[in-house]
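Given next are the chains, with one letter for each unit.
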Amino acid sequence: MGKKKHDVPKELLIGYNPEPTSHSRIMKAHEKFVPSAELESKLKSLEMVLNVDDVGVIRLMMEKLVSGYTPSDEIVDWVYMEREAEAQALGLA
């Protein structure tokens, strides 16, 4: 029996505007990134908002922090929805 050929797993190209490399089957992408100091600061802010459970603000922060993230639907969080209903009942929303 001959040796079996192993297939090399194919990676997904993440990002936009793929560019060729010197190898015909390898592409590269220039992805957006947040510098580490800025990311750390934003993650600390996100953690604070997570601790107070403000789903609306969490969602907005994720939209700004994660390139390409667009929520597909309205917030479906029962605690959030109950708080919104209470705020409306009290005339605060």
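The shown structure was predicted, so the numbers you read here are calculated from the model rather than taken from an experiment. Along every chain, residues carry numbers that run from 1 in the direction the sequence is written. In keeping with the model being predicted, local features are shown solely for residues with a pLDDT of at least 70 and side-chain atom pairs are shown and tallied solely at 80 or more, while totals for entire chains, interfaces and linings include all residues. The basis for every side-chain value is the complete set of non-hydrogen atoms in the structure, without hydrogens or water.

**So, a nonpolar patch on the surface**
Next, step 1: Together, Val-76, Trp-78 and Met-81 line one region of the surface with nonpolar side chains, adding up to about 380 Å² of accessible area.
Next, step 2: Residue burial is assigned from relative accessible area. The probe radius is 1.4 Å, only protein chains are included, and a residue is buried under 20% of its type maximum, exposed over 50%, and partly exposed in between. Using a relative accessible area of 34% as the deciding quantity, one classes Met-81 as partly exposed. Two distance rules govern patches: like charges are joined within 9 Å, and nonpolar side chains (Val, Leu, Ile, Met, Phe, Trp, Tyr) within 5 Å, applied only to residues with over 30% relative accessible area and no salt bridge. All accessible areas in this document rest on Shrake-Rupley with a 1.4 Å probe, and a residue is counted as covered only by the protein chains that are shown. Throughout this description, the term salt bridge denotes a Lys or Arg side-chain nitrogen within 4 Å of a carboxyl oxygen of Asp or Glu.

**What to know about the pattern of salt bridges**
Next, step 1: Evaluated as defined, the whole model comprises 4 salt bridges.
Next, step 2: Glu-40 is the salt-bridge partner of Lys-44, the closest N and O atoms lying 3.5 Å from each other. One end of the pair, Lys-44, and the other, Glu-40, are both in helix H1 (residues 36-52), 4 residues apart, so they sit about a helical turn from each other.
Next, step 3: You can call Lys-44 partly exposed: its relative accessible area is 48%.
Next, step 4: In this structure, the salt-bridge partner of Glu-63 is Arg-59, at a minimum N-O distance of 3.9 Å. Of the two residues, Glu-63 and Arg-59 are both situated in helix H2 (residues 55-65); the distance of 4 residues between them amounts to about one turn of the helix.
Next, step 5: Given the relative accessible area of 35%, Glu-63 is considered partly exposed. Helix and strand assignments come from DSSP, with helices taken as H or I runs of at least 4 residues and strands as E runs of at least 2, each series counted from the N terminus.

**Digging into H2**
Next, step 1: For H2, the set of buried residues is Val-55, Gly-56, Ile-58, Arg-59 and Leu-65.
Next, step 2: Buried-residue contacts for H2 involve H1 and helix H3 (78-89). Whether two residues are in contact is decided by their heavy atoms: any pair within 4.5 Å suffices.

**Considering H1**
Next, step 1: How far a helix is expected to stretch is found by multiplying one less than its residue total by 1.5 Å. The end-to-end C-alpha distance of H1 is 25 Å, a good match for the 24 Å that 17 residues give at a rise of 1.5 Å each.
Next, step 2: In the segment just after H1, Asp-53 is the residue with positive phi, at about 60 degrees.

**A look at the confidence of the model for the chain**
Next, step 1: In the predicted model, the chain carries a mean pLDDT of 83, and the fraction of residues at 70 or more is 82%.
Next, step 2: Per-residue pLDDT, averaged within each element of the chain, yields its smallest value for strand E2 (residues 27-28) (82) and its largest for H1 (95). Each residue carries a pLDDT value, the predictor's own confidence for that position, ranging from 0 to 100.

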